[in-house]
Amino acid sequence: DPGDGGNLDQTFAWADATIFEVLPFEAHEGNLATALTEPDTVVMTRDAARMYFGREDVIGETLSEGLGAERHPLRVTAILENLPSNTSFVAQIFASAKTAWGPLSRMDAGNPMYTGISTQTFVRLSPAATAEQLQAALDVTAEPATAGFAEGGSGMKFSLGAVPLADVHVTPPGLTNIVVKPIGSRTAAYAIATVAFLIVLVAAINFVTLM
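Residues numbered from 1 in each chain as written. Predicted model: local features only at pLDDT ≥ 70, side-chain atom pairs only at ≥ 80, totals over all residues. Heavy atoms only, no water.

Enquirer: Outline the nonpolar core, supporting the account with residue identities and numerical values.
Expert: Ranked by internal contacts, the top residues of the largest apolar core, which has 18 residues, are Phe20, Leu36, Val43 and Phe94. Within the residue set of this core, elements represented by two or more residues are strand E2 (12-15), helix H1 (19-22) and strand E6 (70-80). If one sorts the elements of this core by residue count, H1 sits on top with 3 residues. In this structure Val43 touches Phe20, Leu32, Ala35, Leu36, Thr77, Ala78, Leu80, Gln92, Ile93 and Phe94, once residues within four positions along its chain are discounted. Trp14, Val58, Ile93 and Trp101 belong to the second largest nonpolar core, which has 16 residues in total. (Core = buried A, V, L, I, M, F, W, Y, C linked by side-chain atoms within 4.5 Å. Buried < 20%, exposed > 50% of the residue type's maximum accessible area, 1.4 Å probe, protein only. Helix = DSSP H or I, 4+ residues; strand = E, 2+ residues; numbered from the N terminus. Contact = heavy atoms within 4.5 Å.)

Take a look at the structure:
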C-alpha cells in the first residue's frame, strides 16, 4: 500500500516490502526482495538518485524526509532501473512502510491523525482467478465497514472495487492517484479512432467513385 510521502515531491511514496513482488520493476543494483523489509529504508530509480545525490551509486547513503525541523534519515538499499517513458507510475522513490514515523505505520497503530490518508493497493491474481472471484472477496472485506455505517444510522454503504492496471493508462483512479496517474484519455482515443474511420470511409468512397 503506497501512501503519501512527506515533503519530497509527488515521486515519493511509502510502500509495503512486497510491492516489488507485485510490480515487476527491474533492479539496477541491490536486492528488491529484501530492500524494504527493514524500517527506515528506501528504494529509488536511477533518475531519482541523480536528482537527489548527483550520482547513481548511492546504496548505503541516506535520504532526509520530513517537514521543517522534524526530518528523518532513510537508508538507500536498492536502485531501480528508470521506468519507461509511457508508464502511468508517478512514484520513483519507495520508502519502507515499516518505518515507525511513516504514515502507514501510524495508520496501522490507530493514530487518529492518520486514519484518512490515501493509499493505493496493487494485487497480482493467479492465472486461474476471475474478476468475479476478486469482487466477491472484496465484498466480504468491505462488510465490516458497511455494518459500521449501518449501526451509525448514516445510511452509507462502503464498497471496494478493482481496476485492471492497463485501464489506469486512460482512466483516472479516483481520488487515490498517489502512485499512478493516467497518461492518456479514453475519450480522446475514441475520438481519434472515429476520425481515422471516417477518413478511411471517405477515401474508400472516393476510390469507388473514381473507378
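Enquirer: Please set out the pairing of strand E4 (residues 41-45) residue by residue, giving values where relevant.
Expert: Counting buried residues along E4, 5 of its 5 residues qualify, which places the element largely inside the surrounding structure. With burial as the criterion, each face of E4 is covered, one bearing Thr41, Val43 and Thr45 and the other bearing Val42 and Met44. With 3 bridges joining them, E4 and strand E7 (residues 93-96) adopt antiparallel strand pairing. The residue of E7 that forms the bridge with Met44 is Ile93. (Pairing = 2+ DSSP bridges.)

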